[in-house]
Amino acid sequence: GQQLNQSPQSMFIQEGEDVSMNCTSSSIFNTWLWYKQDPGEGPVLLIALYKAGELTSNGRLTAQFGITRKDSFLNISASIPSDVGIYFCAGRLAGGTSYGKLTFGQGTILTVHP
Amino acid sequence: DAGVTQSPTHLIKTRGQHVTLRCSPISGHKSVSWYQQVLGQGPQFIFQYYEKEERGRGNFPDRFSARQFPNYSSELNVNALLLGDSALYLCASSLDKPGLAAETQYFGPGTRLLVL
């Protein structure tokens, strides 16, 4: 089925470093969401984006909805050990009958070394 | 306030059996969606229900079915289980009507199903 291309697949960084990850698609999305998932848990919403060009922050996290509506990125500044986890982008396709269906990327596994 | 709750947390079944998974949405939320997450991948959309009606269906076989009750809780049923059905099944609830740009889905902890 439709998938978002999320990169990188994994990251190994030192505590205090900044992190950047992104998602791209060949289709247009009208909503972009970023989730974090810890082992054995469900995804937790980090940031929601609803308009092309929108830049939104949540503490040390910043995400942007691409102008073309086909991409989004997430930045984490000054990483800390509790940032460890799997980060997913998710989008809602524009038009059609997809209603509330979210399409997810493959995830970025983040490891932070103290 | 309680978040999305799911039961059971873990389940082991054998091939050919059927399974029923349950979900209670956040209080006040009328929309429930189901996703399947295979190990190492992102969640895949199965169904969405709003006001007890199916509003969306993903690319899953007819062995998968769901329903939503008057209290907005939901059940996901899977018949004739296959080994490939082993996954984390996630339920998400949202306040808004499906398709609204501002609809935001909140996920439960999931039910981990193992088919032997």
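Residue Pro8 of chain A follows Ser7 of chain A across a cis peptide bond; omega there is -5°. Relative to the helices and strands, Pro8 of chain A resides in the loop between strand S1 (5–7) and strand S2 (10–14). For the bond running from Ser7 of chain B to Pro8 of chain B, omega is -10°, close enough to zero to count as cis. You can see Pro8 of chain B is positioned in the loop between strand S1 (5–7) and strand S2 (10–13). Look at Ala80 of chain B: it is not a glycine, yet its phi comes out positive at around 45°. Look at Ala80 of chain B and you get partly exposed, because its relative accessible area is 37%.

Looking now at the state of the cysteines. The full count for this structure, using the stated rule, is 2 disulfides over all chains. Across the disulfide, Cys23 of chain A is cross-linked to Cys89 of chain A (sulfur-sulfur distance 1.6 Å). Taking the torsion about the sulfur-sulfur bond, which here is approximately -75°, the covalent link between Cys23 of chain A and Cys89 of chain A counts as left-handed. Here Cys23 of chain A is found in strand S3 (residues 19–24), whereas its partner Cys89 of chain A is found in strand S9 (residues 85–93), with 66 residues between them in sequence. The two residues Cys23 of chain A and Cys89 of chain A agree in class, both being buried. Disulfide pairing places Cys23 of chain B opposite Cys91 of chain B at an S-S distance of 1.8 Å. Its torsion about the S-S bond being -60°, the disulfide of Cys23 of chain B and Cys91 of chain B is classed as left-handed. Of this pair, Cys23 of chain B sits in strand S3 (residues 19–24) while Cys91 of chain B sits in strand S9 (residues 87–94), placing them 68 residues apart in sequence.

About the cut-offs
- Residues numbered from 1 in each chain as written.
- Chains lettered and ligands numbered in written order.
- Predicted model: local features only at pLDDT ≥ 70, side-chain atom pairs only at ≥ 80, totals over all residues.
- Heavy atoms only, no water.
- Helix = DSSP H or I, 4+ residues; strand = E, 2+ residues; numbered from the N terminus.
- Buried < 20%, exposed > 50% of the residue type's maximum accessible area, 1.4 Å probe, protein only.
- Disulfide = S-S within 2.5 Å.

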